[in-house]
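Coordinate inspection notes
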Amino acid sequence: MKKHTNELAVAVIEELRKRGLRLATAESCTGGAVASAITTVPGCSDTFMGAIVAYSNSVKSRLLNVREKTLEKHGAVSEETIIEMVNGATRQLGTECAIATSGIAGPGGGTIEKPVGTVWIAAKRGNCITTKLLRLGNRGREENIAATVEEALELILGSLRREEER
């Protein structure tokens, strides 16, 4: 794991602890890599509840309550789907916060509308959901996954820290 990723994971756990909040992940294209980054932090079990790796659409529907209609209309790699995934993660794992990822890591699987490197991420804190579209390009599967993990950790960290500014 990259040093920066580990530093982000440590910062996320510290912010969660300060606020007494718990985190879950719902991951597709990252295949559990966000959860893996978080669980490298010693003592994270007091804030990290678990992960659902929902690679197939049927698992997204069954375990995260992503509606079939959403998947048919917008596809798995969409803002609509990622919002339903992040909501499903908090509901299923009983947390106040969640991270969700869905995208096309590559090298194949891309289309003209959604080329390789297209990834949606979401961070949820309470009722506030922040989404972000990444256009990573075809850097290679491992690099796209690593970049998505960093972006997802930065997104939830920003969400947690914004509360301090209010």
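Description of the structure in this document.

About the thresholds
- Residues numbered from 1 in each chain as written.
- Predicted model: local features only at pLDDT ≥ 70, side-chain atom pairs only at ≥ 80, totals over all residues.
- Heavy atoms only, no water.
- Core = buried A, V, L, I, M, F, W, Y, C linked by side-chain atoms within 4.5 Å.
- Buried < 20%, exposed > 50% of the residue type's maximum accessible area, 1.4 Å probe, protein only.
- Helix = DSSP H or I, 4+ residues; strand = E, 2+ residues; numbered from the N terminus.
- Contact = heavy atoms within 4.5 Å.
- Pairing = 2+ DSSP bridges.
- Axes fitted to C-alpha atoms, helices over the stretch in contact; angles between N-to-C directions.
- Right-handed = clockwise from strand over helix to strand, strands pointing away.

Some words on the nonpolar core
Judged by nonpolar contacts, the single largest core of 33 residues is most densely connected at Leu-16, Leu-23, Ile-38, Ile-99, Leu-153 and Ile-156. Secondary structure elements with two or more residues in this core: helix H1 (3–19), helix H2 (33–38), strand E3 (97–103), strand E4 (118–125) and helix H6 (141–165). Counting residues in each nonpolar core, the second largest holds 20 residues, with Ala-54, Ala-76, Val-86 and Ile-104 among its members.

Some words on the side chain of Thr-25
Inspection of the secondary structure puts Thr-25 in strand E1 (residues 23–27). For Thr-25, a relative accessible area of 0% puts it in the buried group. Here Thr-25 is in contact with Val-34, Ala-35, Ile-38, Phe-48, Gly-50, Ala-51, Ile-52, Ala-89, Leu-93 and Ile-99, once residues within four sequence places are set aside.

Description of the sheet that holds strand E5 (residues 128–135)
A sheet is described by the order of its strands in space; here five strands give the open sequence E2-E1-E3-E4-E5, paired in mixed fashion. If you trace the sheet from one side to the other, it starts and ends with strand E2 (48–53) and E5, each paired once. Sheet twist, expressed as the average angle between the axes of neighbouring strands with direction ignored, equals 10°. Summarising the sheet, E1 and E3 pair through five bridges and their orientation is parallel. The partner of Glu-27 across the bridge, within E3, is Thr-101.

With respect to the environment of Ser-159
When you line up the elements, Ser-159 lands in helix H6. A relative accessible area of 4% means that Ser-159 is categorised as buried. Spatially, the C-alpha atom of Ser-159 lies 19 Å from that of Leu-93, the residues being 66 residues apart in sequence.

Quick look at the pairing of E2
Here five bridges tie E1 to E2, and the two strands are oriented parallel to one another. Counterpart to Leu-23 in the pairing with E2 is Phe-48. The parallel pair E1 and E2, bridged by H2, forms a crossover whose chirality is right-handed.

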